[in-house]
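# Coordinate inspection notes
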Amino acid sequence: MFALAELKDTIRIAPEQFNLKLVEAIRDEINRKLANKVLLNVGLCIALKDIVSLKDSIILPGDGASHTEVIFRYIVFRPAISNILTGKIRNCSHEGVHVTLGFFDDILIPPTALQHPSRFDETEQAWVWEYPLEDGGKHDLFMDVGEPIKFRVSREIFEESSPIGPPSSDAMKPGTSAAANTSTAGQGGGGVNESKTPYRIIAAINESGLGVLSWWDQQQQEEDDGGDEEGDEDNNDYENDENGDGAYEE
């Protein structure tokens, strides 16, 4: 689920941080720049592990800060494909089941990756697994918000979410409405495309043992209860033999 990524960057230390040791100042600056940020094709940055090497610090003309080329290792969240994780259901929609790990929310289980057959209940705003019974009937198992859920990572999606250019000249003309500016920006006229999520995980639960944990806990409890009942019957038979009801004849 977590990995170490070796990265290289030039770290700028402002003059007001010169009272700190260089390594401490660099560690603070690296965490400030990267913590909780997504790096394209790397993952979600969590925390600095260690610094591998430091080159000589230089001061550029016109800038009183020091600049140091640093190679370091950073802990990133990027689960491997086919990894099995446990999270909680954040909400359900027609797109599927949205899952959170607490520190990462962009996990989607699409309808095609749910147990079959499943349906979306508009009233409860939850997906429902129509669990088939032995008598041919069905038992509804709801995927409620907050329920722990076990899933398999099936795909990851990285998207570039950096600024895409300055506003168009038409959007800057006097008299252009705010709605028109918003529309233009959404079509690539300028600004940051806020609709894009830089890192998403697509997951699946359409196999045995995956899904809401309470489903399998309940099934295991029923199996255990059934085993206890069989054990009680065997004990009763043994007690009957002890009483002579089933004694052997010589």
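Residues numbered from 1 in each chain as written. Predicted model: local features only at pLDDT ≥ 70, side-chain atom pairs only at ≥ 80, totals over all residues. Heavy atoms only, no water.

The description of an aromatic ring pair rests on the distance of the ring centres and on the angle between the ring planes. Scanning the model with the defined rule gives 10 aromatic pairs in all. Measuring from centroid to centroid gives 5.5 Å for Phe120 and Trp127, while their planes differ by 55 degrees, and the two rings are tilted. (Phe/Tyr/Trp six-rings, centres within 6.5 Å; stacked < 30°, edge-to-face > 60°.)

On the surface, a nonpolar cluster with roughly 340 Å² of combined accessible area is contributed by Met1, Phe2, Ile46 and Phe103. You can see Met1 is positioned in the segment before β1 (2-13). You can call Met1 partly exposed: its relative accessible area is 37%. (Patch = residues over 30% accessible without salt bridge, like charges linked within 9 Å, V, L, I, M, F, W, Y side chains within 5 Å. Areas by Shrake-Rupley, 256 points an atom, 1.4 Å probe, with all protein chains shown as cover. Salt bridge = Lys/Arg side-chain N within 4 Å of Asp/Glu carboxyl O. Helix = DSSP H or I, 4+ residues; strand = E, 2+ residues; numbered from the N terminus. Buried < 20%, exposed > 50% of the residue type's maximum accessible area, 1.4 Å probe, protein only.)

Glancing now at the sheet that holds strand β9 (residues 118-121). Taken in spatial order, the 3 strands of this open sheet run β9-β10-β11, and their pairing is antiparallel. The strands lining the two open edges of the sheet, one partner per strand, are β9 and β11 (138-142). Ignoring strand direction, the axes of neighbouring strands in this sheet form an average angle of 35 degrees. In the sheet, β9 pairs with strand β10 (residues 126-132) via 4 bridges, with the strands oriented antiparallel. Residue Arg119 lies in a different strand from β10, and its bridge partner there is Val128. (Pairing = 2+ DSSP bridges. Axes fitted to C-alpha atoms, helices over the stretch in contact; angles between N-to-C directions.)

Across 2 bridges, the pairing between strand β2 (residues 38-39) and strand β3 (residues 43-54) is antiparallel. Each bridged residue has a counterpart across the sheet, and for Leu39 the counterpart in β3 is Gly43. Between the antiparallel neighbours β2 and β3 lie 3 residues, among them Asn41 with a positive phi of about 60 degrees. Pairing of β3 with strand β5 (residues 66-77) involves 8 bridges; the strand directions are antiparallel. From the neighbouring strand, Leu54 faces β5, where its bridge partner is Val70.

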